[in-house]
Amino acid sequence: MTMNMTRRVVMAAAAVTLAFTNPAAADGHQVMDEINFLIPGGAGGGWDGTARGTGEALTGAGLVGNASYENMSGGGGGVAIAHLIENADSLPNTMMVNSTPIVIRSLTGVFPQSFRDLTLVAGTIGDYATIVVNTDSPIQSMDDLLAAYRADGMSFAIGGGSVPGGLDHLVAASVMQAAGEDPTAFNYIPYDAGGAAMAGLLSGEIQALSTGFSEAVTLAQQGEVRILGVTSDERVAAFEDAPTMKEQGLDTTFVNWRGFFAAPGLPDDKLAMMQDAIAKMYDTPEWEEVRARNGWVNIYNNGDDFRTFLEEQEQVIGDLMKTLGFL
């Protein structure tokens, strides 16, 4: 099965290229004094990496004076969202990172809020998904993983940094369906964010991990994990040794968007400064270094375009979850 969100997201990225035909160059002119990044999960996950990488680029390029970071786990991201809403008046410089799960968890009722309850700043990047194992594992390929699953059944555990029915579970389920297996029958172990899930893999609590490519690539380069398959159409330049799912006969492609949200009722001038800083960031070498290091795809959706994009994602993901039996 193909998770046809890749094509839609990459098409959005192509539209962004057109939008930046005459960009305002980032010349070190400071746009904001400070930004506080609110991260709805623990350290080491995709949200954490996206927020810290964005802050690194913004401050390094001189677009933002100072960046701070606050990890606030709980409720599948719902604790951070509720905090942003309930304390809106006191958080004018706060941007919360989020991604596809804000759509998934709203659809499944994990939390009552949706992106419509927040101020939409911008969609910024796409991150492919991957299945990885510990390098000590005898599993060398997706064929090996499927053979181990078929032999061991429910004693073979695949973990992820999201709740059951969340993004990492959804990706693993799509891979299983592409292999001809029941996408709802395998043993999925949820962790609180990607860092905890990776620790579970490295300690042997789980046999395989469904995670973001950017969360796995550094550990793969260091020889800590083995990337079995990536949900991209072609191999990713950041780690070309990693094969795609498609080249192993699994028709599954997917890219997870990530972006930023602010408190409801944010003044227009504050929103404009946030969006200006992010837009100018794309033209800096500091951002390109962060992007290439993580294997991210540039995606920029601003304001109304971001809302339209999220509404389309809601429809596509809802249809996919119904097909896989999660709704």
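Quantities reported herein were computed from a predicted structural model and do not represent experimental measurements.

*Asks:* Explanation requested: the overall build of the chain in the structure shown.
*Replies:* Helix and strand counts for the chain stand at eleven helices and ten strands. Seen through its C-alpha atoms, the chain measures out along the principal axes to roughly 60 × 40 × 35 Å. Here the chain holds 327 residues, and 57% of them are scored as buried. Across the chain, the fraction of contacts at a sequence separation of at least 24, relative to all contacts at a separation of at least 6, is 77%. Of the roughly 12,500 Å² of accessible surface on the chain, a fraction of 48% belongs to carbon and sulfur atoms. Within the chain, one finds 16 positive and 40 negative side-chain charges whose respective centroids are separated by 4 Å.

*Asks:* Any chance you could explain the confidence of the model for the chain here in plain terms?
*Replies:* Caution applies to low-pLDDT parts of the model: their predicted coordinates are not meant to be read in detail. Confidence in the prediction for the chain averages 88 pLDDT; 91% of positions are at 70 or higher. Low confidence marks residues 6-26, where pLDDT is under 50. Its contacts with residues over four positions away, or in another chain, come to 27 contacts.

*Asks:* Would you mind going over the pattern of salt bridges with me for this structure?
*Replies:* For the coordinates displayed, the defined rule picks out eleven salt bridges. The partner of Arg-116 in a salt bridge is Glu-314, and the shortest N-O contact between them spans 2.7 Å. Of the two residues, Arg-116 is situated in the loop between helix H4 (100-107) and strand S4 (119-134) and Glu-314 in helix H11 (residues 304-324); the sequence distance between them amounts to 198 residues. Under the relative-accessibility criterion, Arg-116 is labelled partly exposed at 41%. In this structure, the salt-bridge partner of Arg-150 is Glu-181, at a minimum N-O distance of 2.6 Å. Here the residue Arg-150 occupies a position in helix H5 (residues 142-152), and Glu-181 occupies one in the loop between helix H6 (167-178) and strand S6 (187-190), the gap between them amounting to 31 residues. By relative accessible area, Arg-150 is classed as partly exposed at 47%.

*Asks:* Help me understand the environment of Arg-291 in this model?
*Replies:* Of note, Arg-291 is situated in helix H10 (residues 285-294). Separated by 85 residues in sequence, Arg-291 and Ile-206 place their C-alpha atoms 29 Å apart. Those residues in contact with Arg-291, other than ones at most four positions away along the chain, are Trp-296 and Asn-298. Of the polar contacts made by the side chain of Arg-291, one reaches the backbone oxygen of Trp-296; its length is 2.7 Å.

*Asks:* Explain helix H9 (residues 268-281) to me, please; I cannot follow it from the model alone.
*Replies:* What sets the pattern is the α-helix's 3.6 residues per turn: residues three or four places apart point alike. Compared with an ideal rise of 1.5 Å per residue, which puts 14 residues at 20 Å, H9 spans 20 Å between its outermost C-alpha atoms and is within 8% of the ideal. Of all the residues in H9, the buried ones are Leu-271, Met-274, Gln-275, Ala-277, Ile-278, Ala-279, Lys-280 and Met-281.

*Asks:* So what exactly am I meant to see when it comes to the packing of H4 against H11 here?
*Replies:* In a packed pair of helices, the relevant descriptors are the angle between the two axes and the axis-to-axis distance. With their axes 10 Å apart at the nearest point, H4 and H11 run at an angle of 60 degrees to one another. By the angle class used here, H4 and H11 are oblique. When you trace H4 past H11, the crossing you get is right-handed. Residues Thr-100, Val-103, Ile-104 and Leu-107 of H4 pack against Gln-313, Glu-314, Ile-317, Gly-318 and Met-321 of H11. Its residues assigned to classes, the contact of H4 with H11 shows five nonpolar, three polar and one charged.

*Asks:* What is the right way to look at the pairing of strand S2 (residues 64-71) in this model?
*Replies:* On any regular strand, side chains alternate: one points to one face of the sheet, the next to the other face. Note that strand S1 (residues 32-39) and S2 share seven bridges and pair parallel. Looking across to S2, one finds that Glu-34 is bridged to Asn-66. In this view, the connection linking S1 to its parallel neighbour S2 by way of helix H2 (residues 46-60) has right-handed handedness.

*Asks:* Help me understand the nonpolar core, please; the structure alone is not making it clear to me.
*Replies:* The tendency in soluble globular proteins is for nonpolar side chains to be buried side by side. If you look at the biggest cluster of nonpolar residues, it comprises 52 residues, and the most contacted ones within it are Ile-102, Leu-145 and Phe-261. For this core, the secondary structure elements donating two or more residues are helix H3 (78-86), H4, S4, H5, H6, strand S9 (255-262) and H11. Counting 31 residues, the second-largest nonpolar core is a separate cluster that includes Ala-61, Met-274, Ala-279 and Trp-287.

So, how was this worked out
- Residues numbered from 1 in each chain as written.
- Predicted model: local features only at pLDDT ≥ 70, side-chain atom pairs only at ≥ 80, totals over all residues.
- Heavy atoms only, no water.
- Helix = DSSP H or I, 4+ residues; strand = E, 2+ residues; numbered from the N terminus.
- Buried < 20%, exposed > 50% of the residue type's maximum accessible area, 1.4 Å probe, protein only.
- Contact = heavy atoms within 4.5 Å.
- Areas by Shrake-Rupley, 256 points an atom, 1.4 Å probe, with all protein chains shown as cover.
- Lys, Arg positive; Asp, Glu negative; His and termini not counted.
- Charge placed at Lys NZ, Arg CZ, Asp CG, Glu CD.
- pLDDT = per-residue confidence, 0-100.
- Salt bridge = Lys/Arg side-chain N within 4 Å of Asp/Glu carboxyl O.
- Polar contact = N/O pair within 3.5 Å; in protein donor to acceptor, adjacent residues only side chain to side chain.
- Expected span 1.5 Å × (residues − 1).
- Axes fitted to C-alpha atoms, helices over the stretch in contact; angles between N-to-C directions.
- Parallel < 35°, antiparallel > 145°, perpendicular 65-115°, else oblique.
- Left-handed = near helix turned anticlockwise from the far one by under 90°.
- Nonpolar A, V, L, I, M, F, W, Y, C, P; charged D, E, K, R; others polar.
- Pairing = 2+ DSSP bridges.
- Right-handed = clockwise from strand over helix to strand, strands pointing away.
- Core = buried A, V, L, I, M, F, W, Y, C linked by side-chain atoms within 4.5 Å.

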